[in-house]
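# Secondary and tertiary structure notes
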Amino acid sequence: MDYRFILCLAIILISTKLFGLFSRRINMPAVVGALIAGVILGPSFLNWIPTQGETGTFVEYTAEIGVILLMFSAGLETNLSDMKKNMKASAITAIIGVAVPLLGGFATYALYFHTDMADYTELLKAVFIGVVLTATSVSITVETLRELGKLKGKVGTTILGAAVIDDILGIIVLTIVTSLKDSSVSPITVIIKIIAYFIVLVVIAFGCHVFKRLIEGHDRQRRTAILSIAFCFLLAYMSEEFFGIADITGAYFAGLMLCSMNVGHYIERRVEIASYLVFSPVFFASVGLKVSIDSITPSLLIFAVLLCLVAMLTKVVGCGLGAKVCSCNWKESLQIGVGMISRGEVALIVAQKGYAAGMLDDTLFAPIVIMVIVTTLITPILLKLVMSDKA
């Protein structure tokens, strides 16, 4: 066995903590420092943490547990009454927040590379760039909002609700576009799976309600926290493996089912300990570790910059417009739009599926990774600014 993973874990924990403390000293969320630590430790600079082999696999799996626990905690902290009030805003925000980036990404690729619309393969590539931009990962946003004390309330719950709907819409769009390239993928099958997924969630939620008294009778007992985390992992696994929906969506719904019980606060504190000590720092660092500047040409670098700008503007405009339509004021609309900027691991997963389907090549993958990193890094910084009382 290669024991380097233990050393790498120590390096990640120390560096993310030190950079996190520095970020706070300059009035930025600690998560910014953790992300920058990952970039510095990765292949673009020091290259101390391998992304391949046993150690790379360990970091990847630990990071996945980290993001699952992060979204489980977000679900536990959600105020259901606030979420119900903001469901309409979440839905409209998600719909417009998918449509605008889809068009923006398509136009950016088509104009920059002078796409011949008669060339079916090139046309699909342009559409798929738009599909990648529709993705939203709010794991970074969740941590930032928590640090700022803004996770609960109108803006926080609207962002979380919109992110869940965004994930579902993104899967449908991805499947439709993939089916245009691969006839073995059926959009109808995917829609049936999504409907079945929500039916299963309703059944599980009903079961939790039926056994609510029994569950609450074991408040502040270790077994409650252990079984709750197991429940989170089972729902995350079921979502990804059986329904093709992101595991973080299942984890978030697991938290939602427990948040209204009196055991919710106890579970949240216990989960936060494990997440804060090990798993979350590894997740935030792993995002930065994906940065590699070796394969970037000047032309691709310009495209990457354009893609970053379009990615940020389309989410701010699209999601912000959706929020404004639903009676949010201009400040709240801007906050919601900024909160949806981060593409994170969701965009990488979408890009990977497009690569496997032959809609992306090696040259286009690097600009997408840069876009993911930039949007992930910039989101907590912009959130800090727009959430300020002076904003």
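Residues numbered from 1 in each chain as written. Predicted model: local features only at pLDDT ≥ 70, side-chain atom pairs only at ≥ 80, totals over all residues. Heavy atoms only, no water.

## A look at the overall build of the chain
For the chain, the helix and strand inventory stands at 17 helices and zero strands. Compactness check: the chain gives a C-alpha radius of gyration of 20 Å against a globular reference of 21 Å for 391 residues, within 12% of the reference. Structurally, the chain occupies a C-alpha span of about 65 × 50 × 45 Å along its principal axes. Here the chain holds 391 residues, and the buried ones make up 52% of them. Of the contacts made within the chain by residues no fewer than 6 positions apart, 81% connect residues no fewer than 24 positions apart. Accessible surface, the chain: about 17700 Å² in total, of which carbon and sulfur atoms supply 69%. (Helix = DSSP H or I, 4+ residues; strand = E, 2+ residues; numbered from the N terminus. Rg over C-alpha atoms; globule rule 2.2 N^0.38 Å. Buried < 20%, exposed > 50% of the residue type's maximum accessible area, 1.4 Å probe, protein only. Contact = heavy atoms within 4.5 Å. Areas by Shrake-Rupley, 256 points an atom, 1.4 Å probe, with all protein chains shown as cover.)

## A word on unusual backbone geometry
A positive phi angle, near 50 degrees, is found at His114, a position not held by glycine. Mapped onto the elements of the fold, His114 is located in the loop between α5 (87-112) and α6 (120-134). The backbone phi angle of Ser327 is positive, close to 75 degrees, even though this residue is not glycine.

## With respect to helix α2 (residues 30-41)
Look at α2: 17 Å from first C-alpha to last across twelve residues, which is about the 16 Å you get at 1.5 Å a residue. Most of α2 is tucked away: ten of the twelve residues are buried. Those residues of α2 lying buried are Ala30, Val31, Val32, Gly33, Ala34, Leu35, Ala37, Gly38, Val39 and Leu41. (Expected span 1.5 Å × (residues − 1).)

## Observations regarding the confidence of the model for the chain
Averaged over the chain, the pLDDT score is 87; the fraction of residues at 70 or greater is 96%. Here helix α16 (residues 344-356) is the element of the chain with the lowest mean pLDDT, 75, and helix α14 (residues 298-325) is the one with the highest, 94. (pLDDT = per-residue confidence, 0-100.)

## With respect to α6
An ideal rise of 1.5 Å per residue puts 21 Å on 15 residues; α6 measures up with 21 Å between its terminal C-alpha atoms. Its side-chain oxygen at 3.1 Å from the backbone nitrogen of Thr121, Asp119 defines the N-terminal cap of α6. (Polar contact = N/O pair within 3.5 Å; in protein donor to acceptor, adjacent residues only side chain to side chain.)

## Here's the deal with the pattern of salt bridges
Tallied over the full model, the rule gives seven salt bridges. Across the pair Glu77 and Arg146 runs a salt bridge whose closest N-O atoms are separated by 2.6 Å. Remark: Arg146 occurs in helix α7 (residues 139-148) and Glu77 occurs in helix α3 (residues 53-77); sequence separation between them is 69 residues. A relative accessible area of 10% places Glu77 in the buried class. (Salt bridge = Lys/Arg side-chain N within 4 Å of Asp/Glu carboxyl O.)

## A short note on the packing of aromatic side chains
Applying the stated rule across the entire model yields twelve aromatic pairs. Judged by centre distance (5.0 Å) and plane angle (85 degrees), the rings of Tyr112 and Phe113 are edge-to-face. Look at Tyr112 and you get partly exposed, because its relative accessible area is 22%. Residue classification places Phe113 among the partly exposed positions, given a relative accessible area of 31%. (Phe/Tyr/Trp six-rings, centres within 6.5 Å; stacked < 30°, edge-to-face > 60°.)

## Things to note about the nonpolar core
Residues Phe72, Phe128, Leu160, Ile368 and Met371 are the most contacted members of the largest nonpolar core, which totals 111 residues. Element by element, the count of residues in this core is highest for helix α8 (residues 154-181), at eleven residues. Setting aside anything within four residues of it in sequence, one finds Ile368 in contact with Ile129, Val132, Leu307, Ala351 and Leu360. (Core = buried A, V, L, I, M, F, W, Y, C linked by side-chain atoms within 4.5 Å.)

## Topic: the environment of Ile368
Assignment of secondary structure puts Ile368 in helix α17 (residues 362-386). Look at Ile368 and you get buried, because its relative accessible area is 1%. Distance from Ile368 to Leu258, taken between C-alpha atoms, is 36 Å for residues 110 residues apart in sequence.

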